[in-house]
Amino acid sequence: MYQTTAALRSAFLEFFRRNSHQVVDSSSLVPGNDPTLLFTNAGMNQFKDVFLGEDKRDYSRATTAQRCVRAGGKHNDLDNVGYTARHHTFFEMLGNFSFGDYFKHDAIRFAWTFLTEELKLPKERLCVTIYETDDEAFEIWNKEIGVAAENIIRIGDNKGAAFASDNFWQMGDTGPCGPCTEIFYDHGEHIWGGRPGTPEEDGDRFIEIWNIVFMQYNRQADGTMEPLPKPSVDTGMGIERIAAIMQGVHSNYEIDIFQSLIKKTAEILGVTDLENKSLRVIADHIRSCAFLVADGVMPSNEGRGYVLRRIIRRAVRHGNKLGATESFFYKLVPTLIEVMGDAAKELVATQAIVEKALKAEEEQFARTLERGLGILDNALSQLEGKVLDGETAFKLYDTYGFPVDLTADVCRERDITVDEAGFEAAMAEQRSRAQAAGQFDTDYNDSLKIDAETEFCGYNNLNGEAKVVALYAD
Ligand code: ATP
Ligand code: MG
Ligand code: MG
Ligand code: MG
């Protein structure tokens, strides 16, 4: 039952529709009304103003399958891709929302009913966390739902703890937030990892599937928390994580969507080892890159466009590692459209633009990639110690178009880090030299400042000039 990811998506929305929720379309990856946010990173983003009481809808319960990107800003999983079984740069978040309607009791019951009755997950594989002082949530889980006390783990703000989890959810440094309760699935002893709240929790044995936030506050820029007009509920469950469980596999990369993308990539590149990590990275990155372009982001040297550029270049580098001799990345778009089903509407409408933009970026980077990799290889083979100097990282950035995180990605494979402070210093020096010489300075803007970058052209800084590349001129 509900084996495919597409079937799960419909089952989720249908379950909440039956329970009086309005099914709302996913919003764009470019947040419409929120300059504090780089990309849409959760289902609640499009409802932020509703939670704050500044926007009214004609429904008080909603459900969505929201496309999300976590590759910058407060929630950034770019460096987890290829390293964990559960993180993507792009994923779909299934969510149900209450705007001053139901609160803790129903939110917990809906989630538990969906998982254990609709999907029939074995209860003994599930455990939950609650915010450390939330006795009300404890009572609901324990007395009403029947989860044993030892399977309800109290977790606080986690300051100074030896583990990462934190049961106070916030979208960003400001905005709606509140205590949360999370549901974890135990993939079994054969996988390394510990229960939430232990130092081993970052392993992939116990995987968080669903986060239920009791939205109660609006965090201000100065850190103070104002109560929201009405207590509300925001929940999020990564569809790829629940699909992995339903499909009887451990890693998200083994689910239907990723297997199709991995097989297609392997076929294009003539790779036979389907377990190769670079295939996973490429399968991940095509989703974020294609959907970002579909939502109007174009590769560029600043803001959102630069995040996109960085992800494309990382994918192209992994393709090169697998022996790519010509552009391959854009060729994955048709497979992506096929596997994403109902979630691919925007991609279908923009397919030609997306393919063209990805191809142009790949071709542009390919011109300098080999030489840059040669220089990096050389520097690494002569390296004494475990840190690559900032000068070399800057040269790769400046002359060969290597975003510093791409250099770091190559280095990490050899257990080496990059002197990022040295890189910043070299960049600052270059910038002041350029200014002194009165040169046009756009090229050295490496910051991730948010500036709603949607123009249909990119800047080519590879030869030190601000040369406009018209992506759309045939
Ligand atoms: P984790 O602790 O595993 O990094 P999280 O607590 O950061 O997850 P939330 O912000 O609570 O995640 O997001 C809600 C849900 O979205 C998670 O429970 C998970 O199912 C899913 N999710 C979060 N980040 C990712 C990601 N990078 N890739 C895929 N799914 C994700
Ligand atoms: Mg996370
Ligand atoms: Mg978590
Ligand atoms: Mg969470």
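Everything below is about the structure printed above this text.
## As for the overall build of the protein chain
A tally of helices and strands in the protein chain yields 13 helices and 13 strands. Over its C-alpha trace the protein chain gives a radius of gyration of 23 Å, about what one expects of a compact globule, namely 23 Å for 474 residues. Seen along its three principal axes, the alpha-carbon backbone of the protein chain occupies a region of about 70 × 50 × 50 Å. Scored against the burial criterion, the 474 residues of the protein chain give a buried share of 58%. Considering only intrachain contacts with a sequence separation of at least 6, the fraction spanning at least 24 residues in the protein chain is 72%. Working note: accessible area of the protein chain is about 19200 Å², and carbon and sulfur atoms make up 48% of it. Charged side chains in the protein chain number 50 positive and 75 negative. The centres of these two groups are separated by 2 Å.

## Brief notes about the side chain of His-285
Mapped onto the fold, His-285 is located in helix 7 (residues 277-294). Polar side-chain contacts of His-285 include one of 2.8 Å to the side chain of Asp-284. With near-sequence residues (within four places) excluded, His-285 lies in contact with Leu-78, Val-81, Thr-89, Ile-311, Arg-314, Ala-315 and Phe-329.

## Brief notes about helix 9 (residues 333-340)
Among the 8 residues of helix 9, 6 are classified as buried, and the element is accordingly described as predominantly covered. All of the buried residues in helix 9 are Val-333, Thr-335, Leu-336, Ile-337, Val-339 and Met-340. Buried residues along helix 9 sit in contact with helix 1 (5-18), strand 3 (90-98), helix 6 (256-269), helix 7 and helix 10 (345-381). In the stretch just after helix 9, Gly-341 is the one whose phi turns positive, near 50 degrees.

## A look at helix 7
Under the 1.5 Å per step criterion, the end-to-end length of helix 7 is 26 Å for 18 residues, consistent within 8% with the ideal 26 Å. Across the 18 residues that make up helix 7, a large majority, 17, are buried. Where helix 7 begins, one side-chain oxygen reaches toward the backbone nitrogen of Ser-278, 2.8 Å away; that side chain belongs to Asn-276. Positioned one or two residues after helix 7, Gly-296 has a phi angle of 100 degrees, which is positive.

## Here we look at the pairing of strand 3
In terms of residue burial, strand 3 counts as a mostly covered element, since 9 of its 9 residues are buried. Bridge count for strand 2 (residues 61-69) against strand 3 is 9 bridges, and the pairing is antiparallel. Pairing of Cys-68 across the sheet is with Phe-91, part of strand 3. Bridging between strand 3 and strand 9 (residues 225-238) involves 4 bridges; their strand directions are antiparallel. Bridge assignment links Ser-98 to a residue of strand 9, and that residue is Val-233.

## Overview of the pattern of salt bridges
Within the structure shown, the criterion is met by 31 salt bridges. Between Glu-413 and Arg-317 there is a salt bridge, and its shortest N-O distance comes to 2.8 Å. One end of the pair, Glu-413, is in the loop between helix 12 (404-412) and strand 11 (417-418); the other, Arg-317, is in helix 8 (residues 303-321), and 96 residues separate them in sequence. The exposure class of Glu-413 is partly exposed, given its relative accessible area of 29%.

## As for the packing of helix 10 against helix 12
Where helix 10 contacts helix 12, the axes come no closer than 12 Å and their chain directions differ by 50 degrees. In terms of their interaxial angle, helix 10 and helix 12 are classed as oblique. Judged by the twist between their axes, the crossing of helix 10 over helix 12 is right-handed. Along its contact with helix 10, which presents Phe-365, Leu-373, Leu-376 and Leu-380, the element helix 12 presents Leu-406, Thr-407, Val-410 and Cys-411. Looking at the contact of helix 10 with helix 12, its residues break down into 7 nonpolar, 1 polar and no charged.

## Looking at the coordination of the magnesium ion (ligand 4)
All of the protein donors around the magnesium ion (ligand 4) are Glu-182 (OE), Glu-208 (OE) and Asn-211 (ND2); their distances to the metal are 2.0 to 2.3 Å. A distance of 3.2 Å spans the gap from the magnesium ion (ligand 4) to the magnesium ion (ligand 3), which Glu-208 bridges by coordinating each metal. A residue pair is termed long-range when its members are at least 10 positions apart, and Glu-182 in strand 7 (residues 175-186) and Glu-208 in strand 8 (residues 206-219) qualify at 26 residues. With relative accessibility at 5%, the residue Glu-182 sits in the buried group.

## Quick notes on the site of ligand 1
Surrounding ligand 1, one finds 18 residues, the nearest of these being Asp-77, His-87, Glu-208, Asn-211 and Gly-238. Side-chain polar atom of His-87 to an oxygen atom of ligand 1: 2.7 Å apart, as the coordinates give it. Side-chain polar atom of Trp-169 to an oxygen atom of ligand 1: 2.9 Å apart, as the coordinates give it. One can see that ligand 1 is located within the largest pocket. Elements supplying a minimum of two residues to the shell around ligand 1: strand 3, strand 8 and strand 9. The element best represented in the shell around ligand 1 is strand 8, accounting for 4 residues. Grouping the amino acids of the shell around ligand 1 by side-chain chemistry returns 6 nonpolar, 6 polar and 6 charged.

Scoring rules and cut-offs
Position labels on residues start from 1 in each chain and follow its written sequence. In the order they appear in the text, chains get letters beginning with A and ligands get numbers beginning with 1. Local features are withheld for residues below a pLDDT of 70 in this predicted model, meaning they are given only at 70 or higher, and side-chain atom pairs are given and counted only at 80 or more; totals for whole chains, interfaces and linings count all residues. The basis for the side-chain values is all heavy atoms of the structure; hydrogens and waters are excluded. Counting from the N terminus, the helices are DSSP H or I runs at least four residues long and the strands are E runs at least two residues long. Here the globule rule is a power law, 2.2 Å times the number of residues to the power 0.38, and the radius of gyration is based on C-alpha atoms. Exposure categories follow from relative accessible area, calculated using a 1.4 Å probe and restricted to protein chains: below 20% of the type maximum is buried, above 50% is exposed, and the middle band is partly exposed. By definition in these notes, contact holds between two residues if any of their heavy atoms fall within 4.5 Å. The accessible surface values rely on the Shrake-Rupley method and a 1.4 Å probe; as for residues, cover is taken only from the protein chains in view. Charge counting follows a simple rule: Lys and Arg are positive, Asp and Glu are negative, and His as well as the terminal groups are ignored. Lys charges are placed at NZ, Arg charges at CZ, Asp charges at CG and Glu charges at CD. As used in this structure description, the phrase polar contact means that two N or O atoms lie within 3.5 Å; if the pair is within protein, one of them must be able to donate a hydrogen and the other to accept it, and residues adjacent in sequence are counted only when both atoms belong to side chains. Helix span is expected to be 1.5 Å times the residue number reduced by one. DSSP bridges decide pairing: two strands pair if at least two such bridges lie between them. When a carboxyl oxygen of Asp or Glu lies within 4 Å of a side-chain nitrogen of Lys or Arg, that pair is called a salt bridge. Lines fitted to the C-alpha atoms define the axes, with helices restricted to the stretch that makes contact. Angles between their N-to-C directions range from 0 to 180 degrees. Note on angle classes: values under 35 degrees are labelled roughly parallel, values over 145 roughly antiparallel, values of 65 to 115 roughly perpendicular, and the remainder oblique. Two helices cross in a left-handed way if the nearer one is turned anticlockwise from the farther one by less than a right angle. They cross in a right-handed way if the turn is clockwise. Gly counts as polar in this scheme, as do all residues outside two lists: the nonpolar Ala, Val, Leu, Ile, Met, Phe, Trp, Tyr, Cys and Pro, and the charged Asp, Glu, Lys and Arg. Coordination here is defined by N, O and S atoms within 2.8 Å of the metal (3.2 Å for Na, K and Ca), and since water is not considered, a site can look incomplete. Whether a residue is near a molecule or strand depends on its heavy atoms: if one lies within 4 Å, it is near. Lining residues are defined by having an atom within 4 Å of a point belonging to a cavity or pocket. Those points lie on a 1 Å grid over the protein atoms alone, cavities being sets where a 1.4 Å probe fits but cannot get out and pockets being open sets with protein on both sides within 12 Å along at least five of seven lines. Placement in a cavity or pocket follows one criterion, namely that more than half of the molecule's atoms lie within 2 Å of its grid points.

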